[in-house]
Amino acid sequence: MGRIAIIGAGLAGLAAARRLTKAGVSDFVVLERSSRVGGRVQTAACNGFRLDAGFHVASTAYPAFREILPAASLEPAWFDSGVLLQTRNGRVVSFHHPLRHPRKAWQSGWPPFGWWDLLQFGRLAMEALVRPGEGGIGRERQSTAQLLEQRRFSEDFVDGFLRPFFGGVFLDDDLQTSAGLLRYYLANFLLGRAFLPKGGVERLAATLRAQIPDDRFLFGQAVRGIEKGADGFRLALESGGILAASTVILALGAEETARILGWPAPRMQPTTSIYFRSRRALYPDRCLVLPRAKRPLVRHFAQVTNVDPSLAPEGVHLLSATVLDDRGLDDESLFQIALREIGGVMPAAAGLLEPLQVIRVPSALPGQTPQHLVTWRQRRATLPEGLLLAGDLAGNACQQNALQSGAHAAESALGRHR
Ligand SMILES: Cc1cc2nc3c(=O)[nH]c(=O)nc-3n(C[C@H](O)[C@H](O)[C@H](O)COP(=O)(O)OP(=O)(O)OC[C@H]3O[C@@H](n4cnc5c(N)ncnc54)[C@H](O)[C@@H]3O)c2cc1C
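Residues numbered from 1 in each chain as written. Predicted model: local features only at pLDDT ≥ 70, side-chain atom pairs only at ≥ 80, totals over all residues. Heavy atoms only, no water.

1. A short note on the overall build of the protein chain
Piece 1. On a plain count of helices and strands, the protein chain comes out with 13 helices and 20 strands.
Piece 2. Projected onto the principal axes, the alpha-carbon positions of the protein chain cover approximately 70 × 50 × 40 Å.
Piece 3. Relative to its 418 residues, the protein chain shows a buried fraction of 58%.
Piece 4. For the protein chain, the exposed area adds up to about 17600 Å²; of that, 52% sits on carbon and sulfur atoms.
Piece 5. Taken together, the 48 basic and 38 acidic charged side chains of the protein chain have centroids lying 4 Å from each other. (Helix = DSSP H or I, 4+ residues; strand = E, 2+ residues; numbered from the N terminus. Buried < 20%, exposed > 50% of the residue type's maximum accessible area, 1.4 Å probe, protein only. Areas by Shrake-Rupley, 256 points an atom, 1.4 Å probe, with all protein chains shown as cover. Lys, Arg positive; Asp, Glu negative; His and termini not counted. Charge placed at Lys NZ, Arg CZ, Asp CG, Glu CD.)

Written as C-alpha coordinates, this is what we have:
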(Lines give C-alpha, C1' and ligand atoms only; values in the text may rest on other atoms or scores of the structure.)
Protein backbone atom coordinates (compact mmCIF):
# COMPACT_ATOMS: atom_id res chain seq x y z
CA MET A 1 0.00 0.00 0.00
CA GLY A 2 1.38 3.44 -0.91
CA ARG A 3 1.47 6.25 1.56
CA ILE A 4 -1.61 8.39 2.22
CA ALA A 5 -0.91 12.05 3.03
CA ILE A 6 -3.50 14.11 4.87
CA ILE A 7 -2.79 17.83 4.64
CA GLY A 8 -4.28 19.82 7.50
CA ALA A 9 -5.12 18.78 11.07
CA GLY A 10 -8.43 20.63 11.49
CA LEU A 11 -11.63 18.65 12.11
CA ALA A 12 -11.65 17.31 8.53
CA GLY A 13 -8.03 16.08 8.59
CA LEU A 14 -8.45 14.61 12.07
CA ALA A 15 -11.64 12.76 11.08
CA ALA A 16 -9.76 11.29 8.09
CA ALA A 17 -6.80 10.28 10.27
CA ARG A 18 -9.12 8.72 12.86
CA ARG A 19 -10.86 6.65 10.17
CA LEU A 20 -7.53 5.36 8.80
CA THR A 21 -6.33 4.53 12.31
CA LYS A 22 -9.56 2.61 13.01
CA ALA A 23 -9.05 0.66 9.76
CA GLY A 24 -5.60 -0.42 11.01
CA VAL A 25 -3.69 1.62 8.42
CA SER A 26 -0.33 2.87 9.63
CA ASP A 27 1.23 4.16 6.41
CA PHE A 28 -0.26 7.62 6.54
CA VAL A 29 0.94 10.99 7.67
CA VAL A 30 -0.82 14.22 8.71
CA LEU A 31 1.05 17.36 7.59
CA GLU A 32 0.07 20.41 9.62
CA ARG A 33 1.51 23.87 9.11
CA SER A 34 1.00 25.02 12.72
CA SER A 35 2.12 23.39 15.94
CA ARG A 36 -1.36 22.27 17.03
CA VAL A 37 -4.46 20.40 15.87
CA GLY A 38 -7.96 21.87 15.45
CA GLY A 39 -7.48 24.53 12.75
CA ARG A 40 -10.32 27.04 13.14
CA VAL A 41 -11.64 25.21 16.18
CA GLN A 42 -9.63 26.93 18.91
CA THR A 43 -10.10 27.69 22.60
CA ALA A 44 -7.67 30.01 24.38
CA ALA A 45 -6.91 29.50 28.08
CA CYS A 46 -6.71 32.89 29.82
CA ASN A 47 -6.53 33.35 33.63
CA GLY A 48 -8.94 30.51 34.31
CA PHE A 49 -11.28 31.41 31.42
CA ARG A 50 -11.74 29.26 28.32
CA LEU A 51 -12.33 31.52 25.33
CA ASP A 52 -13.42 30.12 21.97
CA ALA A 53 -12.14 31.92 18.89
CA GLY A 54 -15.55 32.89 17.52
CA PHE A 55 -18.93 31.66 18.68
CA HIS A 56 -19.23 27.92 17.98
CA VAL A 57 -22.06 25.54 18.82
CA ALA A 58 -22.45 21.86 17.98
CA SER A 59 -25.76 20.15 17.24
CA THR A 60 -27.08 16.67 17.92
CA ALA A 61 -28.78 16.90 14.51
CA TYR A 62 -25.36 16.45 12.92
CA PRO A 63 -24.97 12.71 12.20
CA ALA A 64 -21.21 13.11 12.81
CA PHE A 65 -21.95 13.57 16.53
CA ARG A 66 -23.31 10.03 16.58
CA GLU A 67 -21.11 8.28 14.03
CA ILE A 68 -17.68 9.91 14.36
CA LEU A 69 -17.52 11.92 17.55
CA PRO A 70 -20.40 10.82 19.81
CA ALA A 71 -21.85 13.82 21.65
CA ALA A 72 -21.66 11.97 24.98
CA SER A 73 -17.84 11.79 24.71
CA LEU A 74 -17.80 15.62 24.70
CA GLU A 75 -19.71 16.05 28.01
CA PRO A 76 -22.21 18.30 26.22
CA ALA A 77 -23.46 21.47 27.91
CA TRP A 78 -26.92 22.17 26.51
CA PHE A 79 -28.44 25.34 25.13
CA ASP A 80 -32.19 25.79 25.29
CA SER A 81 -33.88 25.66 21.88
CA GLY A 82 -34.73 29.31 21.51
CA VAL A 83 -33.52 32.86 21.84
CA LEU A 84 -34.27 36.02 23.77
CA LEU A 85 -35.00 38.86 21.41
CA GLN A 86 -35.80 42.50 21.54
CA THR A 87 -39.16 43.58 20.17
CA ARG A 88 -39.79 46.81 18.27
CA ASN A 89 -40.71 48.60 21.49
CA GLY A 90 -37.46 47.49 23.17
CA ARG A 91 -38.86 44.73 25.40
CA VAL A 92 -36.93 41.48 25.71
CA VAL A 93 -39.10 38.40 25.11
CA SER A 94 -38.36 34.73 24.62
CA PHE A 95 -38.86 33.04 21.26
CA HIS A 96 -38.54 29.33 21.98
CA HIS A 97 -39.30 25.95 20.42
CA PRO A 98 -42.98 25.49 21.38
CA LEU A 99 -42.74 21.72 21.94
CA ARG A 100 -39.46 21.70 23.89
CA HIS A 101 -40.07 24.77 26.02
CA PRO A 102 -43.85 25.29 26.06
CA ARG A 103 -43.75 27.55 29.13
CA LYS A 104 -41.13 29.87 27.66
CA ALA A 105 -42.73 29.79 24.22
CA TRP A 106 -46.07 31.06 25.52
CA GLN A 107 -44.62 33.57 27.99
CA SER A 108 -45.95 37.10 28.22
CA GLY A 109 -45.22 39.11 25.14
CA TRP A 110 -46.43 36.30 22.85
CA PRO A 111 -46.71 36.57 19.96
CA PRO A 112 -43.54 38.65 19.52
CA PHE A 113 -44.28 38.97 15.79
CA GLY A 114 -47.34 39.23 13.58
CA TRP A 115 -49.28 36.10 12.59
CA TRP A 116 -48.34 36.42 8.93
CA ASP A 117 -44.64 36.08 9.80
CA LEU A 118 -45.26 33.21 12.19
CA LEU A 119 -47.30 31.33 9.59
CA GLN A 120 -44.68 31.89 6.91
CA PHE A 121 -41.95 30.79 9.32
CA GLY A 122 -43.96 27.66 10.14
CA ARG A 123 -44.22 26.95 6.41
CA LEU A 124 -40.46 27.40 5.95
CA ALA A 125 -39.83 25.11 8.91
CA MET A 126 -42.07 22.39 7.43
CA GLU A 127 -40.27 22.64 4.08
CA ALA A 128 -36.91 22.44 5.83
CA LEU A 129 -38.00 19.35 7.73
CA VAL A 130 -39.20 17.65 4.56
CA ARG A 131 -35.84 18.27 2.81
CA PRO A 132 -33.32 18.66 5.60
CA GLY A 133 -30.41 16.95 3.80
CA GLU A 134 -27.38 18.70 2.35
CA GLY A 135 -28.06 17.21 -1.08
CA GLY A 136 -29.95 20.16 -2.53
CA ILE A 137 -27.65 22.90 -1.24
CA GLY A 138 -25.21 22.69 -4.15
CA ARG A 139 -28.07 23.15 -6.61
CA GLU A 140 -29.95 25.96 -4.84
CA ARG A 141 -30.12 29.16 -6.94
CA GLN A 142 -31.73 31.52 -4.45
CA SER A 143 -30.01 33.46 -1.67
CA THR A 144 -31.55 33.62 1.80
CA ALA A 145 -32.40 37.31 1.26
CA GLN A 146 -34.20 36.48 -2.02
CA LEU A 147 -36.20 33.70 -0.40
CA LEU A 148 -37.25 35.91 2.53
CA GLU A 149 -38.33 38.64 0.14
CA GLN A 150 -40.25 36.19 -2.04
CA ARG A 151 -42.10 34.92 1.05
CA ARG A 152 -42.90 38.52 2.01
CA PHE A 153 -41.61 38.32 5.57
CA SER A 154 -42.01 41.69 7.30
CA GLU A 155 -39.02 43.90 8.02
CA ASP A 156 -39.89 43.47 11.70
CA PHE A 157 -39.39 39.68 11.56
CA VAL A 158 -36.28 39.89 9.37
CA ASP A 159 -34.54 42.52 11.50
CA GLY A 160 -35.81 41.19 14.83
CA PHE A 161 -35.07 37.50 14.32
CA LEU A 162 -34.00 36.14 10.94
CA ARG A 163 -31.08 38.49 10.25
CA PRO A 164 -29.53 38.52 13.74
CA PHE A 165 -29.93 34.77 14.10
CA PHE A 166 -29.06 33.37 10.67
CA GLY A 167 -26.73 36.27 9.81
CA GLY A 168 -24.85 35.21 12.94
CA VAL A 169 -24.78 31.56 11.84
CA PHE A 170 -23.61 32.37 8.30
CA LEU A 171 -21.42 35.33 9.44
CA ASP A 172 -23.25 37.19 6.68
CA ASP A 173 -25.36 40.19 7.66
CA ASP A 174 -26.61 40.69 4.09
CA LEU A 175 -28.02 37.15 3.96
CA GLN A 176 -26.48 36.49 0.54
CA THR A 177 -25.84 32.91 1.70
CA SER A 178 -27.67 30.15 -0.19
CA ALA A 179 -31.30 29.62 0.85
CA GLY A 180 -30.39 25.91 0.90
CA LEU A 181 -28.26 26.60 3.95
CA LEU A 182 -31.10 28.49 5.64
CA ARG A 183 -33.26 25.35 5.27
CA TYR A 184 -30.41 23.09 6.36
CA TYR A 185 -29.66 24.97 9.58
CA LEU A 186 -33.33 25.56 10.33
CA ALA A 187 -33.95 21.81 10.17
CA ASN A 188 -30.91 21.19 12.39
CA PHE A 189 -32.15 23.64 15.00
CA LEU A 190 -35.63 22.10 14.95
CA LEU A 191 -34.53 18.47 15.02
CA GLY A 192 -31.43 18.64 17.18
CA ARG A 193 -30.23 20.25 20.36
CA ALA A 194 -27.41 22.77 20.36
CA PHE A 195 -24.55 22.19 22.78
CA LEU A 196 -21.08 23.32 23.75
CA PRO A 197 -18.48 20.60 24.22
CA LYS A 198 -17.46 20.98 27.88
CA GLY A 199 -14.47 23.30 28.29
CA GLY A 200 -14.73 24.88 24.85
CA VAL A 201 -15.00 23.97 21.20
CA GLU A 202 -11.37 22.81 21.01
CA ARG A 203 -12.56 19.68 22.81
CA LEU A 204 -13.84 18.43 19.43
CA ALA A 205 -10.32 18.37 18.04
CA ALA A 206 -8.69 17.12 21.24
CA THR A 207 -11.07 14.14 21.42
CA LEU A 208 -10.25 13.11 17.85
CA ARG A 209 -6.52 13.73 18.35
CA ALA A 210 -6.50 11.31 21.30
CA GLN A 211 -7.58 8.50 18.93
CA ILE A 212 -4.65 8.93 16.52
CA PRO A 213 -1.05 7.82 17.25
CA ASP A 214 1.34 10.74 17.89
CA ASP A 215 3.85 9.59 15.31
CA ARG A 216 1.34 10.10 12.46
CA PHE A 217 1.62 13.91 12.82
CA LEU A 218 4.24 16.15 11.23
CA PHE A 219 3.73 19.60 12.78
CA GLY A 220 5.28 22.78 11.41
CA GLN A 221 5.13 21.35 7.87
CA ALA A 222 3.33 23.59 5.40
CA VAL A 223 2.62 22.21 1.95
CA ARG A 224 3.42 24.71 -0.80
CA GLY A 225 2.19 22.81 -3.83
CA ILE A 226 1.16 19.43 -5.21
CA GLU A 227 2.27 17.79 -8.45
CA LYS A 228 0.80 14.68 -9.97
CA GLY A 229 3.23 12.30 -11.65
CA ALA A 230 2.86 8.83 -13.20
CA ASP A 231 3.44 7.06 -9.87
CA GLY A 232 1.48 9.32 -7.52
CA PHE A 233 1.79 12.78 -5.99
CA ARG A 234 4.77 14.88 -4.94
CA LEU A 235 4.12 17.39 -2.18
CA ALA A 236 6.46 20.37 -2.10
CA LEU A 237 6.97 21.54 1.48
CA GLU A 238 7.73 25.11 2.55
CA SER A 239 10.82 23.72 4.28
CA GLY A 240 12.17 22.74 0.86
CA GLY A 241 11.55 19.00 1.25
CA ILE A 242 9.48 16.78 -1.06
CA LEU A 243 7.11 14.10 0.18
CA ALA A 244 5.73 11.35 -2.07
CA ALA A 245 2.23 9.93 -1.59
CA SER A 246 -0.06 7.70 -3.62
CA THR A 247 -3.22 9.35 -2.26
CA VAL A 248 -3.62 12.88 -0.90
CA ILE A 249 -6.45 14.16 1.29
CA LEU A 250 -6.64 17.95 1.17
CA ALA A 251 -8.18 19.15 4.43
CA LEU A 252 -6.99 22.72 4.45
CA GLY A 253 -9.96 25.05 4.67
CA ALA A 254 -11.35 26.94 1.68
CA GLU A 255 -8.65 29.60 1.23
CA GLU A 256 -5.64 27.32 1.27
CA THR A 257 -7.34 24.60 -0.77
CA ALA A 258 -8.16 27.13 -3.49
CA ARG A 259 -4.59 28.47 -3.44
CA ILE A 260 -2.97 25.04 -3.72
CA LEU A 261 -5.33 23.93 -6.50
CA GLY A 262 -5.03 27.24 -8.39
CA TRP A 263 -8.76 27.96 -8.01
CA PRO A 264 -9.98 31.57 -7.53
CA ALA A 265 -9.74 32.62 -3.88
CA PRO A 266 -13.09 32.39 -2.09
CA ARG A 267 -14.33 35.48 -0.24
CA MET A 268 -13.85 34.82 3.48
CA GLN A 269 -16.15 36.25 6.17
CA PRO A 270 -14.54 37.52 9.38
CA THR A 271 -15.87 37.46 12.91
CA THR A 272 -14.73 38.82 16.27
CA SER A 273 -15.59 37.64 19.77
CA ILE A 274 -15.70 40.24 22.52
CA TYR A 275 -15.55 38.67 25.97
CA PHE A 276 -16.79 40.25 29.20
CA ARG A 277 -16.55 38.90 32.73
CA SER A 278 -18.92 39.62 35.62
CA ARG A 279 -19.69 38.59 39.21
CA ARG A 280 -23.37 37.99 38.44
CA ALA A 281 -25.02 36.63 35.32
CA LEU A 282 -26.64 39.33 33.19
CA TYR A 283 -29.62 37.02 32.57
CA PRO A 284 -30.41 33.46 33.67
CA ASP A 285 -31.36 31.73 30.40
CA ARG A 286 -29.26 29.25 28.42
CA CYS A 287 -29.66 30.98 25.12
CA LEU A 288 -28.51 33.68 22.74
CA VAL A 289 -29.81 37.23 22.93
CA LEU A 290 -30.59 39.04 19.68
CA PRO A 291 -30.37 42.84 19.90
CA ARG A 292 -32.58 44.83 17.53
CA ALA A 293 -30.71 47.53 15.70
CA LYS A 294 -29.95 48.41 12.09
CA ARG A 295 -26.37 47.33 11.39
CA PRO A 296 -25.30 46.90 15.02
CA LEU A 297 -21.75 46.04 15.98
CA VAL A 298 -22.92 43.12 18.16
CA ARG A 299 -24.93 40.59 16.15
CA HIS A 300 -25.80 38.52 19.20
CA PHE A 301 -24.50 37.77 22.65
CA ALA A 302 -24.62 34.85 25.06
CA GLN A 303 -23.92 34.37 28.75
CA VAL A 304 -21.99 31.21 27.95
CA THR A 305 -21.38 30.26 31.60
CA ASN A 306 -25.15 29.73 31.94
CA VAL A 307 -24.55 26.79 29.57
CA ASP A 308 -21.07 25.65 30.65
CA PRO A 309 -19.88 27.07 34.01
CA SER A 310 -16.44 25.50 33.45
CA LEU A 311 -15.64 28.28 30.94
CA ALA A 312 -14.86 30.69 33.81
CA PRO A 313 -13.29 30.45 37.27
CA GLU A 314 -15.62 29.47 40.12
CA GLY A 315 -18.19 32.19 40.87
CA VAL A 316 -17.34 34.26 37.79
CA HIS A 317 -19.48 34.60 34.65
CA LEU A 318 -18.45 34.91 31.03
CA LEU A 319 -20.37 36.67 28.28
CA SER A 320 -19.46 36.37 24.62
CA ALA A 321 -20.57 39.02 22.12
CA THR A 322 -20.34 38.17 18.42
CA VAL A 323 -19.33 40.81 15.91
CA LEU A 324 -19.33 40.23 12.15
CA ASP A 325 -17.62 43.40 10.93
CA ASP A 326 -15.28 44.98 13.48
CA ARG A 327 -15.10 48.18 11.34
CA GLY A 328 -11.34 48.29 11.94
CA LEU A 329 -11.89 49.43 15.55
CA ASP A 330 -9.31 48.85 18.26
CA ASP A 331 -10.10 46.66 21.27
CA GLU A 332 -10.94 49.59 23.54
CA SER A 333 -13.53 50.97 21.11
CA LEU A 334 -15.00 47.49 20.54
CA PHE A 335 -15.49 47.01 24.30
CA GLN A 336 -17.14 50.43 24.64
CA ILE A 337 -19.55 50.08 21.72
CA ALA A 338 -20.39 46.48 22.59
CA LEU A 339 -21.14 47.46 26.19
CA ARG A 340 -23.38 50.29 25.02
CA GLU A 341 -25.29 48.02 22.62
CA ILE A 342 -25.69 45.20 25.16
CA GLY A 343 -26.84 47.81 27.69
CA GLY A 344 -29.44 48.92 25.13
CA VAL A 345 -30.99 45.46 25.46
CA MET A 346 -30.29 44.77 29.14
CA PRO A 347 -29.53 48.01 31.03
CA ALA A 348 -27.87 46.15 33.94
CA ALA A 349 -24.91 45.42 31.63
CA ALA A 350 -23.36 48.85 32.23
CA GLY A 351 -22.75 48.23 35.95
CA LEU A 352 -21.96 44.55 35.61
CA LEU A 353 -19.77 43.66 32.65
CA GLU A 354 -16.00 44.11 32.71
CA PRO A 355 -13.96 43.89 29.49
CA LEU A 356 -11.92 40.68 29.30
CA GLN A 357 -10.60 39.91 25.83
CA VAL A 358 -11.15 40.45 22.11
CA ILE A 359 -10.44 37.56 19.72
CA ARG A 360 -10.45 38.29 15.99
CA VAL A 361 -10.94 35.56 13.37
CA PRO A 362 -10.24 37.31 10.06
CA SER A 363 -10.98 34.31 7.78
CA ALA A 364 -13.71 32.41 9.59
CA LEU A 365 -16.05 31.05 6.92
CA PRO A 366 -16.14 31.24 3.14
CA GLY A 367 -18.99 33.28 1.65
CA GLN A 368 -21.50 30.60 0.69
CA THR A 369 -23.60 32.29 -1.98
CA PRO A 370 -25.57 29.97 -4.28
CA GLN A 371 -23.19 30.75 -7.14
CA HIS A 372 -20.13 29.83 -5.09
CA LEU A 373 -21.61 26.55 -3.95
CA VAL A 374 -22.52 25.57 -7.52
CA THR A 375 -19.04 26.55 -8.80
CA TRP A 376 -17.25 24.56 -6.09
CA ARG A 377 -19.36 21.54 -6.88
CA GLN A 378 -18.34 21.77 -10.54
CA ARG A 379 -14.66 22.29 -9.67
CA ARG A 380 -14.62 19.28 -7.36
CA ALA A 381 -15.47 17.09 -10.34
CA THR A 382 -12.21 18.14 -12.07
CA LEU A 383 -9.82 16.80 -9.41
CA PRO A 384 -7.44 14.04 -10.54
CA GLU A 385 -7.94 10.54 -9.17
CA GLY A 386 -6.30 10.08 -5.82
CA LEU A 387 -6.55 13.75 -4.83
CA LEU A 388 -9.43 13.86 -2.36
CA LEU A 389 -11.10 16.89 -0.85
CA ALA A 390 -12.38 17.31 2.71
CA GLY A 391 -13.69 20.32 4.61
CA ASP A 392 -15.19 23.62 3.46
CA LEU A 393 -15.00 23.04 -0.30
CA ALA A 394 -16.26 19.47 -0.08
CA GLY A 395 -19.70 20.66 1.06
CA ASN A 396 -20.81 23.51 3.28
CA ALA A 397 -18.59 25.02 5.93
CA CYS A 398 -19.67 23.44 9.23
CA GLN A 399 -18.52 20.89 11.77
CA GLN A 400 -20.76 18.18 10.27
CA ASN A 401 -19.30 18.56 6.79
CA ALA A 402 -15.71 18.80 8.06
CA LEU A 403 -16.07 15.58 10.07
CA GLN A 404 -18.13 13.63 7.52
CA SER A 405 -16.14 14.69 4.46
CA GLY A 406 -12.89 13.80 6.26
CA ALA A 407 -14.23 10.34 7.09
CA HIS A 408 -15.53 9.91 3.50
CA ALA A 409 -12.20 10.94 2.01
CA ALA A 410 -10.45 8.35 4.21
CA GLU A 411 -13.00 5.75 3.08
CA SER A 412 -12.21 6.56 -0.58
CA ALA A 413 -8.49 6.37 0.15
CA LEU A 414 -9.00 2.94 1.72
CA GLY A 415 -10.99 1.87 -1.37
CA ARG A 416 -8.04 2.81 -3.62
CA HIS A 417 -5.60 0.86 -1.50
CA ARG A 418 -7.61 -2.34 -1.05
C1 LIG B 1 -15.63 31.49 14.22
C2 LIG B 1 -16.24 30.25 13.67
C3 LIG B 1 -17.45 29.81 14.14
C4 LIG B 1 -17.99 28.63 13.65
N5 LIG B 1 -19.16 28.17 14.18
C6 LIG B 1 -19.63 26.99 13.78
C7 LIG B 1 -20.78 26.44 14.40
O8 LIG B 1 -21.32 27.03 15.32
N9 LIG B 1 -21.24 25.25 13.96
C10 LIG B 1 -20.64 24.58 12.93
O11 LIG B 1 -21.11 23.50 12.56
N12 LIG B 1 -19.54 25.06 12.32
C13 LIG B 1 -19.02 26.25 12.73
N14 LIG B 1 -17.89 26.74 12.14
C15 LIG B 1 -17.31 26.03 11.02
C16 LIG B 1 -16.39 24.88 11.43
O17 LIG B 1 -15.68 25.22 12.59
C18 LIG B 1 -15.43 24.63 10.28
O19 LIG B 1 -16.19 24.33 9.12
C20 LIG B 1 -14.49 23.47 10.54
O21 LIG B 1 -13.83 23.60 11.78
C22 LIG B 1 -13.47 23.42 9.41
O23 LIG B 1 -12.55 22.39 9.63
P24 LIG B 1 -11.49 22.02 8.51
O25 LIG B 1 -10.67 20.92 9.03
O26 LIG B 1 -12.20 21.80 7.22
O27 LIG B 1 -10.63 23.34 8.27
P28 LIG B 1 -9.64 24.13 9.25
O29 LIG B 1 -10.15 24.13 10.62
O30 LIG B 1 -9.38 25.43 8.60
O31 LIG B 1 -8.31 23.25 9.25
C32 LIG B 1 -7.35 23.36 8.23
C33 LIG B 1 -5.98 22.99 8.80
O34 LIG B 1 -5.05 22.99 7.72
C35 LIG B 1 -3.86 23.62 8.15
N36 LIG B 1 -3.20 24.16 6.95
C37 LIG B 1 -3.59 25.20 6.20
N38 LIG B 1 -2.76 25.36 5.16
C39 LIG B 1 -1.83 24.39 5.25
C40 LIG B 1 -0.71 24.02 4.44
N41 LIG B 1 -0.38 24.68 3.32
N42 LIG B 1 0.03 22.94 4.81
C43 LIG B 1 -0.28 22.23 5.94
N44 LIG B 1 -1.33 22.55 6.73
C45 LIG B 1 -2.09 23.60 6.39
C46 LIG B 1 -4.34 24.73 9.09
O47 LIG B 1 -3.30 25.14 9.96
C48 LIG B 1 -5.47 24.01 9.82
O49 LIG B 1 -5.02 23.35 10.97
C50 LIG B 1 -17.32 27.90 12.62
C51 LIG B 1 -16.08 28.35 12.14
C52 LIG B 1 -15.54 29.50 12.67
C53 LIG B 1 -14.17 29.93 12.20
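2. Notes on the site of the ligand
Piece 1. Residues in close proximity to the ligand total 35 residues, the closest being Glu 32, Arg 40, Val 57, Tyr 62 and Glu 256.
Piece 2. One of the side-chain N or O atoms of Glu 256 is found 2.8 Å from a nitrogen atom in the ligand.
Piece 3. Starting from 1000 Å² of accessible surface for the ligand in isolation, the protein chains cover 94%.
Piece 4. Broken down by secondary-structure element, the contributors of at least two residues to the shell around the ligand are α1 (11–22), β2 (28–32), β19 (354–366) and α13 (399–417).
Piece 5. The residues that make up the shell around the ligand include at least three from each of domain 1 (4–41 + 201–267 + 368–417) and domain 2 (43–63 + 75–112 + 193–199 + 268–366). (Near = heavy atom within 4 Å. Polar contact = N/O pair within 3.5 Å; in protein donor to acceptor, adjacent residues only side chain to side chain. Domains from an automatic or database assignment.)

3. A short note on the domain arrangement of the protein chain
Piece 1. Under the domain assignment, the protein chain is made up of domain 1 (4–41 + 201–267 + 368–417), domain 2 (43–63 + 75–112 + 193–199 + 268–366) and domain 3 (114–169 + 176–191).
Piece 2. Using only C-alpha atoms to locate each centre, domain 1 and domain 3 end up separated by 31 Å.
Piece 3. Each side of the interface is counted separately: domain 1 has eleven residues, and domain 3 has 14 residues.
Piece 4. Summing both partners gives a buried area of about 980 Å² for domain 1 against domain 3, and 52% of it is carried by carbon and sulfur.
Piece 5. Counting every contact that joins domain 1 to domain 3 gives zero salt bridges.
Piece 6. Put simply, the parts of the chain that give the side of domain 1 that touches domain 3 at least two residues each are α12 (370–380) and α13.
Piece 7. For the side of domain 1 that touches domain 3, the element with the most residues is α12, which contributes four residues.
Piece 8. When the residues that make up the side of domain 1 that touches domain 3 are grouped by side-chain class, the tally is five nonpolar, five polar and one charged. (Contact = heavy atoms within 4.5 Å. Buried area = accessible area lost by both parts, 1.4 Å probe. Salt bridge = Lys/Arg side-chain N within 4 Å of Asp/Glu carboxyl O. Nonpolar A, V, L, I, M, F, W, Y, C, P; charged D, E, K, R; others polar.)

4. What about the packing of helix α4 (residues 115–130) against helix α7 (residues 179–191)?
Piece 1. Two elements in contact, α4 and α7, have axes separated by 8 Å at closest approach and are oriented at 90°. In terms of orientation, α4 and α7 fall into the roughly perpendicular class. Each of Phe 121, Leu 124, Ala 125, Glu 127, Ala 128 and Leu 129 in α4 lies in contact with α7, whose residues at this interface are Leu 182, Arg 183, Leu 186, Ala 187, Leu 190 and Leu 191.
Piece 2. Its residues assigned to classes, the contact of α4 with α7 shows ten nonpolar, no polar and two charged. (Axes fitted to C-alpha atoms, helices over the stretch in contact; angles between N-to-C directions. Parallel < 35°, antiparallel > 145°, perpendicular 65-115°, else oblique.)

5. Observations regarding the packing of α1 against α13
Piece 1. Packing of α1 against α13 brings their axes to within 7 Å, and their N-to-C directions diverge by 40°. What the angle tells us is that α1 and α13 run oblique. Our pair here, α1 against α13, has a crossing hand that is right-handed. Together, Leu 11, Ala 12, Ala 15, Ala 16, Arg 19 and Leu 20 of α1 and Gln 399, Ala 402, Leu 403, Gly 406, Ala 407, Ala 410, Glu 411 and Leu 414 of α13 make up the contact between the two elements.
Piece 2. Each residue belonging to the contact of α1 with α13 can be placed in one class, and the counts come to ten nonpolar, two polar and two charged. (Left-handed = near helix turned anticlockwise from the far one by under 90°.)

6. A short note on unusual backbone geometry
Piece 1. The phi dihedral of Glu 75 is positive, around 45°, even though this residue is not glycine.
Piece 2. Tracing the backbone through its elements, the reader meets Glu 75 in the loop between α2 (64–67) and β6 (77–78).
Piece 3. On the accessibility criterion, Glu 75 (41% relative accessible area) is partly exposed.
Piece 4. We note that Leu 175 has phi near 55°; this positive angle belongs to a residue other than glycine.
Piece 5. Tracing the sequence through the fold places Leu 175 in the loop between α6 (155–170) and α7.

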